[in-house]
Amino acid sequence: LSGNLADLERRQEVFGKNLIPPKKPKTFLQLVWEALQDVTLIILEIAAIISLGLSFYRPPVCGEASGSAEEEEGEAGWIEGAAILLSVVCVVLVTAFNDWSKEKQFRGLQNRIEQEQKFTVVRGGQVIQIPVADIVVGDIAQIKYGDLLPADGVLIQGNDLKIDESSLTGESDQVKKNLEKDPLLLSGTHVMEGSGKMVVTAIGVNSQTGIIFTLLGAGEHEEEKEKEKKEKKSMFLKEF
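Residues numbered from 1 in each chain as written. Predicted model: local features only at pLDDT ≥ 70, side-chain atom pairs only at ≥ 80, totals over all residues. Heavy atoms only, no water.

Trainee: Is there a simple way to explain the environment of phenylalanine 56 in this structure?
Mentor: Position of phenylalanine 56 among the secondary structure elements: in the loop between helix 3 (39-55) and helix 4 (64-116). Look at phenylalanine 56 and you get exposed, because its relative accessible area is 58%. Separated by 22 residues in sequence, phenylalanine 56 and tryptophan 78 place their C-alpha atoms 7.4 Å apart. (Helix = DSSP H or I, 4+ residues; strand = E, 2+ residues; numbered from the N terminus. Buried < 20%, exposed > 50% of the residue type's maximum accessible area, 1.4 Å probe, protein only.)

Next up, the structure:
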């Protein structure tokens, strides 16, 4: 690519950015509801409701002395049920707040990693490092030992290149890549040996990792946008 800003923006508009949209975060109320599904808490809730119901029940009594004693017990009987309910509320709120806090920290860490991670590409005849999110379809990316491939691509130059595809296939054997037999490189795989160059063919939700995340429900809110992008992509390819 020439590195022309207008061309890069157009490619991002047509093919999208090299980002996999995260799953919509759960609200605090959803986390509260999930915490309430605990079996132990359900039993405590039922016990508290029964205790409160019995505390307000007034059976007919005979005699003034016994009646006054039972009235005193009835007036304080609701405290036990209320105490159980209060303890359940405290446990649920603490659990939901901890889950919400952990999820917020995890998303912040994930965004920070995505912004700081860089990859080497060739633009305008120069070798430069750019954030992974700025990679576009058509980029020539340099790959080397230790790299985690951020996009799908086709190998155009290789030197004893071996890839670990266990994250996708589950097979621990390293796959040898070359121009003649197996030039396809997939996002989410690790470079274990050698080096080379590839032309980027798919990024973001259209890459192999993006497709898997979408099937798992991570990109549900992007389905409508993807339909529009496919229409733009077909028009772009005709012009290109």
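Trainee: Sorry if this is basic, but what is going on with the side chain of threonine 189 here?
Mentor: Residue placement: threonine 189 occurs in the loop between strand 6 (184-185) and strand 7 (190-202). Ignoring any residue separated from it by four or fewer positions in sequence, one finds threonine 189 in contact with Asp147, Leu148, Leu149, Ile163, Asp164, Glu165, Ser167 and Leu168. (Contact = heavy atoms within 4.5 Å.)

Trainee: Help me understand the pattern of salt bridges in this model?
Mentor: Pairing between side chains of opposite charge can happen when the charged atoms of each approach one another. A full pass over the atoms with the stated rule returns seven salt bridges. Note that glutamate 34 and lysine 26 form a salt bridge whose closest N and O atoms lie 2.6 Å from each other. Owing to a relative accessible area of 38%, lysine 26 belongs among the partly exposed residues under this scheme. A salt bridge links aspartate 147 to lysine 144; the nearest nitrogen and oxygen atoms lie 3.5 Å apart. Lysine 144 sits in the partly exposed class, given a relative accessible area of 45%. Here the residues in one salt-bridge network are Glu165, Lys177 and Asp182, joined through shared partners. (Salt bridge = Lys/Arg side-chain N within 4 Å of Asp/Glu carboxyl O.)

Trainee: Please clarify how the nonpolar core should be interpreted in this entry.
Mentor: The nonpolar side chains of a soluble globular protein tend to be buried with one another. Core analysis: the largest hydrophobic core is formed by 20 residues, its most contacted members being Phe119, Ile143, Leu161, Leu185 and Val200. Where this core is concerned, the elements lending two or more residues are helix 1 (5-15), strand 1 (118-123), strand 3 (140-144), strand 4 (152-164) and strand 7. With seven residues, the next largest nonpolar core counts Leu31, Ala35, Leu41 and Val92 among its residues. (Core = buried A, V, L, I, M, F, W, Y, C linked by side-chain atoms within 4.5 Å.)

Trainee: Sorry if this is basic, but what is going on with the pairing of strand 3 here?
Mentor: Two faces make up the sheet, and in a regular strand the side chains alternate between them. Here strand 3 shows a buried face lined by Ala141 and Ile143 and an unburied face lined by Ile140, Gln142 and Lys144. Of the pairings in the sheet, the one linking strand 1 to strand 3 comprises two bridges and is antiparallel in character. Across the sheet, valine 121 pairs through a bridge with alanine 141, a residue of strand 3. Here strand 3 pairs with strand 7 via five bridges, running antiparallel. Opposite alanine 141, over in strand 7, you have methionine 198 as the bridge partner. (Pairing = 2+ DSSP bridges.)

Trainee: Help me understand the pairing of strand 2 (residues 126-131) in this model?
Mentor: In this sheet, strand 2 lies alongside strand 1 in antiparallel orientation, the contact comprising six bridges. Pairing of arginine 123 across the sheet is with glutamine 126, part of strand 2. Hairpin connection from strand 1 to strand 2: two residues lie between these consecutive antiparallel strands, with glycine 124 at a positive phi of about 60°.

Trainee: Looking at this model, I keep getting lost on the environment of asparagine 206. Mind explaining?
Mentor: Tracing the backbone shows asparagine 206 in the loop between strand 7 and helix 6 (208-215). A relative accessible area of 24% means that asparagine 206 is categorised as partly exposed. Taking the C-alpha atoms as reference points, asparagine 206 and leucine 19, 187 residues apart in sequence, are found 9.9 Å from one another.

Trainee: How do you make sense of the packing of aromatic side chains when you look at a structure like this?
Mentor: We describe a pair of aromatic rings using the distance from one ring centre to the other and the angle between the two ring planes. Considering all chains together, one arrives at one aromatic pair under this definition. Ring plane angle 35° and centroid distance 6.1 Å describe the contact between phenylalanine 97 and tryptophan 100, whose orientation is recorded as tilted. Highlighted residues: phenylalanine 97 and tryptophan 100, both in helix 4, separated by three residues, approximately one helical turn. Residue classification places phenylalanine 97 among the partly exposed positions, given a relative accessible area of 45%. Residue tryptophan 100 is classed as partly exposed on the basis of its relative accessible area of 35%. (Phe/Tyr/Trp six-rings, centres within 6.5 Å; stacked < 30°, edge-to-face > 60°.)

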